[in-house]
Amino acid sequence: MNGGLHLLPALPLSAEAFAPFGQVIECAGHAGYAINEGSSQRFTDLAQLEADAEGRLALSIFRAEARQAPFALSCLERHPLGSQAFMPLHGQAFLVVVAETRPTSARAAPESLRVFVSNGRQGINFRRGVWHHPLLALSAGDFLVADRLGPGDNCEAVDIAGWQVGIAR
Ligand SMILES: NC(=O)N[C@@H](O)C(=O)O
Ligand code: NI
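None of these values were measured; they are calculated from a predicted model.

Enquirer: Would you explain the packing of aromatic side chains in this entry?
Expert: Where two aromatic rings form a pair, the distance of their centres and the angle of their planes describe that pair. A full pass over the atoms with the stated rule returns six aromatic pairs. Between Phe-18 and Phe-116, the aromatic rings sit 5.8 Å apart at their centres with planes inclined by 85°, giving edge-to-face as the arrangement. Remark: Phe-116 occurs in strand E10 (residues 113–118) and Phe-18 occurs in helix H1 (residues 15–18); sequence separation between them is 98 residues. Summarising the burial analysis for this pair, Phe-18 and Phe-116 share the class buried. A ring pair is formed by Phe-18 and Phe-126, whose centres lie 6.2 Å apart and whose planes are at 55°; its orientation type is tilted.

Shown next, in the form of structure tokens:
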């Protein structure tokens, strides 16, 4: 413990481990196919983007500052009306914190929290409604973000405490 905070170490991000929460956006593990007279390879349909009927999917860029690990968690959120995808544009690693269920108390039970670290060549797509921590970039850089815009409240948040996330030494 450090300052009363329990450390939840990050595991390397993999499609299998992340499957309950969404998809990993990467070329590794997928078969690309040649397009444009062989000048490019297309790695297609890597994430299932979701939006309700009243919303629409939009592309944005988050210009993220580096967060210092270990990082004390203060909240989790979810987007009930659509998915949310993050793809690093400068190969920056980032932490991904997800929970299988809504935290029932401020001190979210560790067994419901999962922490992954992207190698910077991997993006992620949170399924619609998955509890997650807002973006935690480990080095500064831009992220391409695809998520749902439209009417209604698409962000539900809960406060949590007592946990910090980082890279196991
Ligand atoms: N607030 C916002 O647009 N981003 C968060 O939803 C996040 O997950 O980073
Ligand atoms: Ni979010």
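Enquirer: Any chance you could explain the environment of Gln-68 here in plain terms?
Expert: You can see Gln-68 is positioned in the loop between strand E5 (56–64) and strand E6 (71–72). Here the alpha-carbon distance between Gln-68 and Gly-166, two residues 98 residues apart in the chain, equals 8.7 Å.

Enquirer: Looking at this structure, I do not really get the site of ligand 1. What am I missing?
Expert: Near ligand 1 you find Phe-62, Glu-77, His-79, Gln-84, Phe-86, His-132, Pro-134 and Leu-135, and these make up its full shell. Within the side chain of Gln-84, one N or O atom sits 2.9 Å away from an oxygen atom of ligand 1. In the environment of ligand 1, an oxygen atom lies 3.1 Å from a nitrogen or oxygen atom belonging to the side chain of His-132. Surface burial for ligand 1 is 70%, taken as the share of its 270 Å² of free accessible area covered by protein chains. Class assignment for the residues of the shell around ligand 1 results in four nonpolar, three polar and one charged.

Enquirer: Looking at this model, I keep getting lost on a nonpolar patch on the surface. Mind explaining?
Expert: A cluster of nonpolar residues, Leu-59, Ile-61, Leu-89 and Leu-144, forms a patch on the protein surface that exposes about 370 Å² of accessible area. By the element assignment, Ile-61 lies in strand E5. Classification of Ile-61 as exposed rests on a relative accessible area of 52%.

Enquirer: Teacher, can you tell me more about the sheet that holds strand E8 (residues 84–88) here?
Expert: Consider a sheet: its strands pair through backbone hydrogen bonds, and that pairing is either parallel or antiparallel. With respect to topology, five strands assemble into an open sheet ordered E2-E11-E8-E14-E5, the strand pairing being antiparallel. At either end of the open sheet lies a strand with only one pairing partner, and these are strand E2 (22–25) and E5. On average, each strand axis in the sheet is inclined to that of its neighbour by 15°, with strand direction left out of account. In the sheet, E5 pairs with strand E14 (residues 141–149) via nine bridges, with the strands oriented antiparallel. By the bridge assignment for E14, Ala-58 is matched with Asp-147.

Enquirer: What is the right way to read the coordination of the nickel ion (ligand 2) from this model?
Expert: For a metal bound by four donors in a tetrahedral arrangement, the ideal donor-metal-donor angle is 109.5 degrees, while six donors in an octahedral arrangement ideally sit at 90 or 180 degrees. The nickel ion (ligand 2) binds to the protein through Glu-77 (OE), His-79 (NE2), Gln-84 (OE1) and His-132 (NE2); the donor distances cover 2.0 to 2.1 Å. Coordination geometry of the nickel ion (ligand 2): the six donor atoms subtend angles of 71 to 171° at the metal centre, consistent with an arrangement described as octahedral. Counting along the primary sequence, the residues that act as donors to the nickel ion (ligand 2) give the motif E-x1-H-x4-Q-x47-H. Remark: His-132 occurs in strand E12 (residues 131–132) and Gln-84 occurs in strand E8; sequence separation between them is 48 residues. Of the two residues, Gln-84 and His-132, neither departs from the other in class, the shared state being buried.

The rules behind the values
Residues numbered from 1 in each chain as written. Chains lettered and ligands numbered in written order. Predicted model: local features only at pLDDT ≥ 70, side-chain atom pairs only at ≥ 80, totals over all residues. Heavy atoms only, no water. Phe/Tyr/Trp six-rings, centres within 6.5 Å; stacked < 30°, edge-to-face > 60°. Helix = DSSP H or I, 4+ residues; strand = E, 2+ residues; numbered from the N terminus. Buried < 20%, exposed > 50% of the residue type's maximum accessible area, 1.4 Å probe, protein only. Near = heavy atom within 4 Å. Polar contact = N/O pair within 3.5 Å; in protein donor to acceptor, adjacent residues only side chain to side chain. Areas by Shrake-Rupley, 256 points an atom, 1.4 Å probe, with all protein chains shown as cover. Nonpolar A, V, L, I, M, F, W, Y, C, P; charged D, E, K, R; others polar. Patch = residues over 30% accessible without salt bridge, like charges linked within 9 Å, V, L, I, M, F, W, Y side chains within 5 Å. Salt bridge = Lys/Arg side-chain N within 4 Å of Asp/Glu carboxyl O. Pairing = 2+ DSSP bridges. Axes fitted to C-alpha atoms, helices over the stretch in contact; angles between N-to-C directions. Donors = N, O, S within 2.8 Å, 3.2 Å for Na, K, Ca; no water. Tetrahedral: all angles 85-135°; square planar, octahedral: opposite > 155°, others 65-115°.

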